[in-house]
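Listed here are the chains, written in short residue letters.
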Amino acid sequence: MCSILNFSFVEQKLHSQWNYADVTPLPKLKPITVASKHIRPISLMPSLSKVAENIHAVVASAILEIVSHDQLSAIPKSSCEHTLLSMQTALQYECSAAQ
């Protein structure tokens, strides 16, 4: 199990099959007369995927706490475009201040 989790973290992704779940209908009331009202779906995900997702969330939040906000490649949903735009803004500011 440890090898599977380590491989997942090295690859930086969770295996796609881990996202599949068995959905089991569980009756709220008996007898069931209206399925949409009297049945509750229960999602049974593989235990390994739950462990991996929890570890990933803990590690990711710990990394984001120590990474500088200037290192945009480590921050989710950011790119080098953000860095280039901030550099352009800083250069424009310096140029206008020098004049």
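First, a word on what this report is: a plain description of the structure on this page. (Residues numbered from 1 in each chain as written. Predicted model: local features only at pLDDT ≥ 70, side-chain atom pairs only at ≥ 80, totals over all residues. Heavy atoms only, no water.)

**Here's the deal with the overall build of the chain**
Put simply, the rule reads: In this description a helix means any DSSP run of H or I spanning at least four residues, a strand means any run of E spanning at least two, and both kinds are numbered starting from the N terminus. Any two residues having at least one pair of non-hydrogen atoms within 4.5 Å are treated as being in contact.
The secondary structure content of the chain amounts to four helices and two strands. Traced from its N-terminal end to its C-terminal end, the chain shows the element sequence α-β-α-β-α-α. Counting contacts in the chain only where the partners sit at least 6 residues apart, residues at least 24 apart contribute 33% of the total.

**Describing a nonpolar patch on the surface**
Let me state the cut-off plainly: Residues enter a patch when their relative accessible area is above 30% and they make no salt bridge; the linking distance is 9 Å between like charges and 5 Å between nonpolar side chains (Val, Leu, Ile, Met, Phe, Trp, Tyr). Residue burial considers only the protein chains on display, and all accessible areas are found by Shrake-Rupley using a 1.4 Å probe. Criterion for a salt bridge: a side-chain nitrogen of Lys or Arg within 4 Å of a carboxyl oxygen of Asp or Glu. Partly exposed describes any residue whose relative accessible area lies between the buried limit of under 20% and the exposed limit of over 50%, with all areas from a 1.4 Å probe on protein chains only and scaled to the type maximum.
Residues V51, I55, V59 and I63 make up a contiguous nonpolar surface patch of roughly 270 Å² in combined accessible area. Within the secondary structure, V59 is located in helix α3 (residues 47-66). For V59, a relative accessible area of 41% corresponds to the partly exposed category.

**Side note on the environment of S16**
For S16, the location among the structural elements is in the loop between α1 (2-11) and β1 (22-27). On the basis of relative accessibility, which here comes to 48%, the residue S16 falls in the partly exposed class. Note: C-alpha distance between S16 and S49 (33 residues apart in sequence) is 9.8 Å.

**Quick notes on unusual backbone geometry**
Note that the residue after K30, namely P31, is joined by a cis bond; omega there is 0°. Tracing the sequence through the fold places P31 in the loop between β1 and α2 (35-38).

**Some words on the pairing of β1**
Both faces of the sheet carry side chains from a regular strand, because those side chains alternate between them. Rules: A strand pair is defined by DSSP finding two or more bridges across the two strands.
Across the six residues of β1, zero count as buried, placing the element largely on the outside. Inspection of the sheet shows β1 paired to strand β2 (residues 39-44) by six bridges, in the antiparallel sense. Bridge pairing in β2 places T24 opposite I42.

Worth remembering: the numbers are spatial, not functional.
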